[in-house]
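Summary of structural features
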Amino acid sequence: MHEVDVVGVRVEMPSNQPIVLLREVAGDRYLPIWIGAVEATAIAFAQQGVVPPRPLTHDLLRDVIASTGNALTEVRITEMRDGIFYAELAFESGVEVSARPSDSIALALRTGARIVCAEEVLAEAGLAVPEEQEDEVERFREFLDHVTPEDFEG
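Let me sum up the structure you'll find in this document. Everything numeric here is computed off the predicted structure, so don't read it as measured data. (Residues numbered from 1 in each chain as written. Predicted model: local features only at pLDDT ≥ 70, side-chain atom pairs only at ≥ 80, totals over all residues. Heavy atoms only, no water.)

**Here's the deal with the overall build of the protein**
Summing up its helical and strand segments, the protein has five helices and eight strands in all. Reading the protein from its N terminus to its C terminus gives the helix and strand order β-β-β-α-α-β-β-β-α-β-α-β-α. Every one of the 154 residues in the protein was classed for burial, and the buried ones make up 41%. Within the protein, residue pairs in contact and separated by at least 24 positions form 54% of the contacts whose partners lie at least 6 positions apart. (Helix = DSSP H or I, 4+ residues; strand = E, 2+ residues; numbered from the N terminus. Buried < 20%, exposed > 50% of the residue type's maximum accessible area, 1.4 Å probe, protein only. Contact = heavy atoms within 4.5 Å.)

**Examining the sheet that holds strand β7 (residues 114-117)**
Spatial ordering of the open sheet is given by β6-β5-β4-β7-β1-β2-β3-β8, a layout of eight strands whose pairing is mixed. Two strands in the sheet have a free side with no partner beyond their single neighbour: β6 (96-99) and β8 (127-128). Bridge count between strand β3 (residues 29-34) and β8: two bridges; the pairing is antiparallel. Paired with Arg29 across the two strands is Ala128, which belongs to β8. (Pairing = 2+ DSSP bridges.)

**Notes on unusual backbone geometry**
Residue Asp82 is not a glycine yet carries a positive backbone phi of 50°. When you line up the elements, Asp82 lands in the loop between β4 (72-81) and β5 (84-91).

**Looking at the packing of helix α1 (residues 37-48) against helix α3 (residues 101-111)**
One can describe the packing of α1 onto α3 by two numbers: an axis separation of 9 Å at closest approach and a directional angle of 15°. Taken as axis vectors, α1 and α3 run roughly parallel relative to one another. The two elements α1 and α3 cross, and the hand of that crossing is left-handed. Mapping the contact onto sequence places Glu39, Ala42, Ile43, Phe45, Ala46 and Gln47 in α1 and Ser102, Asp103, Ile105, Ala106, Leu109 and Arg110 in α3. Class assignment for the residues of the contact of α1 with α3 results in seven nonpolar, two polar and three charged. (Axes fitted to C-alpha atoms, helices over the stretch in contact; angles between N-to-C directions. Parallel < 35°, antiparallel > 145°, perpendicular 65-115°, else oblique. Left-handed = near helix turned anticlockwise from the far one by under 90°. Nonpolar A, V, L, I, M, F, W, Y, C, P; charged D, E, K, R; others polar.)

No statement about biological role is implied by the geometric values presented.
Next comes the structure, spelled out in structure tokens:
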């Protein structure tokens, strides 16, 4: 497993489909995962520190986990089958729960859990970004600095 960071979310054109972009911490690969608009908003909210007046679904789940005393320690992106990504939530007690990567990432950002990705997934779906293309990545990061959760609505 390789640790990854969340670079951010954006809307892929022309399909208008949101993606979350992960970056390998100790490497040069990026992993784009196409996600739903609701999950894109949840991830963007967490990254921007937006606190809704009432808990949204991922906030509620974070609070439920905290109240049980069984901390979420790691989110694992475990495989990709037929173009669909799979993930697991790993808890302090050793319990593992199957989950969608988008929900898992939104929850990890709220709990501080580490996000890791299987080598097989990075090898199959990861994109290596050579140093000469880093300026493109920097433009993407600049875009992320200015995107708002409302950009993912409707």
